[in-house]
Number of protein chains: 2
Amino acid sequence: MVDQDAVLSASPTVILVRPQMGENIGMAARAMANFGLAELRLVSPRDGWGEGSSVMNSAVDAAVGAHPIVRSAKLFATLPEAVADLHRVFATTARDRDQAKPVVSPAEWAAEAVVRQGAAQRLGVVFGPERTGLSNDEVGLADALLTFPVNPVHPSLNLAQAVSLVAYEWWKTAQAGDVPFRLAHVTPPATRAMVQSFLDHLDAALEAAGYFHGNAKDPIMRRNLHNILHRVEMTEADVRTLRGVVGALSEGRRRGAARRSGEGN
Amino acid sequence: MVDQDAVLSASPTVILVRPQMGENIGMAARAMANFGLAELRLVSPRDGWGEGSSVMNSAVDAAVGAHPIVRSAKLFATLPEAVADLHRVFATTARDRDQAKPVVSPAEWAAEAVVRQGAAQRLGVVFGPERTGLSNDEVGLADALLTFPVNPVHPSLNLAQAVSLVAYEWWKTAQAGDVPFRLAHVTPPATRAMVQSFLDHLDAALEAAGYFHGNAKDPIMRRNLHNILHRVEMTEADVRTLRGVVGALSEGRRRGAARRSGEGN
């Protein structure tokens, strides 16, 4: 039997990006409670947020008994801030984004989630706005894509139902318990903030080295490169190693540039 | 590959008993369409039914693309009439009814449903009203109970989400769990020779940049770095991208070094 309290305290985080309807936020929270998820994060709800706002009121109504999840939802301005302290992030999407990331079903996600939870890794699942889903840049922030086995003729899931299916698979898997193995990561996995900070460092070094073209292709080049590096699933030690590599490769160049600029004097 | 048309034509029937809200009828229909169910039956909706009624209108709105399922829903006065032509009926319930019937989870139900469908048996799943669920007499009409693996602290599912989970498990089982798309590798995976050639290039660049210490630790540093990069599972395009990155970062340095060596002449 699984220790219910331990399951709940470490359960995956649900992140709703720019949700449009308070009712969907509430119904998502209700589904989370049905299946043992507790932590909800909101990124820039369309119509605002806060105690007494009409959005929160309709979310609380729709949540029924799960209103504490709604009231304790954490608010963020951007997705990078909302995932900064997590170790592994899944972006839900109904369509192929042509990004080089692993794609898992809810059942496959749940199997991985339970294993990683056993290794004290914090997971997040990100859901986009009702009409549009996540932007490609938002998808680009994730380690992997989570998609649903739907009838291709009707692929568009209601937001709260998508949350419900993910939570359902998690609970189903967590209750079967019995994790067969642990992840062999010698050092702790890096948080999203550490990975993002390294990617920013790399981008700056590449910018200084003239790697980018200064045109519309730059964001795509940057995203492709980030997706390659996300696949590493970096540990904290990996981040330090890769920082050292970028530093070593670019330092001589900077030294050389300083030398060259010195020549001009 | 499963024959989609055959799956759809024989898919299980969803029966909503005394549903209260048109919106829930519509959201249930939408979930049915997402997961390949097509036939909806209604037993005495609380606020009536019929073309132009406000209940049907709100159901059609909530159904989005699945409005044909709403419009073609069959209306019945009683549950016995609604299940008369079916071969096997499951009653959904959140609580133990103390009735001597088999109890199955959605996944177990789906496994049975796919087998019976193969034998041309028509299945129905019955859902009760939002607040009260099915009466004991209604449950008594069923062959078996279908219940959900929920957190016992929050067992009450939204009606449309309950329909959604049942439909999801059915589609997942009928489709053998596959999702509509997988990891998008735009270019072929790199051969080991290509990866090794890139790693050699990187080692040489790092050597030139003074990254290594020139002692016994060098082979370990090199192996750690290679292991990080092996986890990328590089495609051919990834190798080109990473070569470009290493080139850009080190090129300025080499240029600077050439300049410096020129200075000495």
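Residues numbered from 1 in each chain as written. Chains lettered and ligands numbered in written order. Predicted model: local features only at pLDDT ≥ 70, side-chain atom pairs only at ≥ 80, totals over all residues. Heavy atoms only, no water.

Engineer: What exactly am I supposed to notice about the pattern of salt bridges here?
Structural biologist: Between side chains of opposite charge, a pair can form when the charged atoms approach closely. Residues and elements named next belong to chain A. The full count for this structure, using the stated rule, is 30 salt bridges over all chains. Residues Arg116 and Glu112 are paired through a salt bridge, measuring 2.7 Å at the closest nitrogen-oxygen approach. Here Arg116 pairs with Glu112, and both are found in helix H6 (residues 106-118), just four residues apart, close to one helical turn. Accessibility expressed as a relative area gives 6% for Arg116, which makes it buried. Three or more residues are tied together by salt bridges with common partners; here these are Glu39, Arg41, Lys74, Asp85 and Arg122. (Salt bridge = Lys/Arg side-chain N within 4 Å of Asp/Glu carboxyl O. Helix = DSSP H or I, 4+ residues; strand = E, 2+ residues; numbered from the N terminus. Buried < 20%, exposed > 50% of the residue type's maximum accessible area, 1.4 Å probe, protein only.)

Engineer: What is the right way to look at the nonpolar core in this model?
Structural biologist: Within the largest apolar cluster, 95 residues are counted, with the highest numbers of intra-cluster contacts made by A:Leu16, A:Trp109, B:Leu16, B:Leu40 and B:Trp109. Contact partners of B:Trp109, with chain neighbours within four places excluded, come to B:Pro12, B:Phe90, B:Val104, B:Leu123, B:Val125, B:Leu146, B:Val166 and B:Trp170. (Core = buried A, V, L, I, M, F, W, Y, C linked by side-chain atoms within 4.5 Å. Contact = heavy atoms within 4.5 Å.)

Engineer: Please explain the sheet that holds strand E6 (residues 123-127) of chain B as it appears in this structure.
Structural biologist: Within a sheet, adjacent strands bond to each other through the backbone by hydrogen bonds, running parallel or antiparallel. All names here are of chain B. Strand order in this open sheet of seven strands is E3-E2-E1-E6-E4-E7-E5, and the pairing throughout is parallel. The open sheet has two edge strands with one neighbour each: strand E3 (74-76) and strand E5 (103-104). Of the pairings in the sheet, the one linking strand E1 (residues 13-17) to E6 comprises four bridges and is parallel in character. Residue pairing in the sheet places Leu16 in a bridge with Phe127 of E6. The sheet contacts of helix H8 (residues 159-174) involve E1, E6 and strand E7 (144-146), and relative to E6 the element is tilted by about 155 degrees. (Pairing = 2+ DSSP bridges. Axes fitted to C-alpha atoms, helices over the stretch in contact; angles between N-to-C directions.)

Engineer: Would you mind going over the packing of aromatic side chains with me for this structure?
Structural biologist: By convention here, two paired aromatic rings are described through the distance between centres and the angle between planes. Under the counting rule described, the total for this entry stands at seven aromatic pairs over all chains. Plain terms: the ring middles of A:Tyr168 and B:Tyr168 are 6.4 Å apart, the flat faces sit at 85 degrees to each other, and that makes the pair edge-to-face. Of this pair, A:Tyr168 sits in helix H8 (residues 159-176) while B:Tyr168 is found in helix H8, placing the two residues in two different chains. The residues A:Tyr168 and B:Tyr168 share a single accessibility class, namely buried. A connected cluster of aromatic rings, assembled from ring pairs, spans A:Phe35, A:Tyr168, B:Phe35 and B:Tyr168. (Phe/Tyr/Trp six-rings, centres within 6.5 Å; stacked < 30°, edge-to-face > 60°.)

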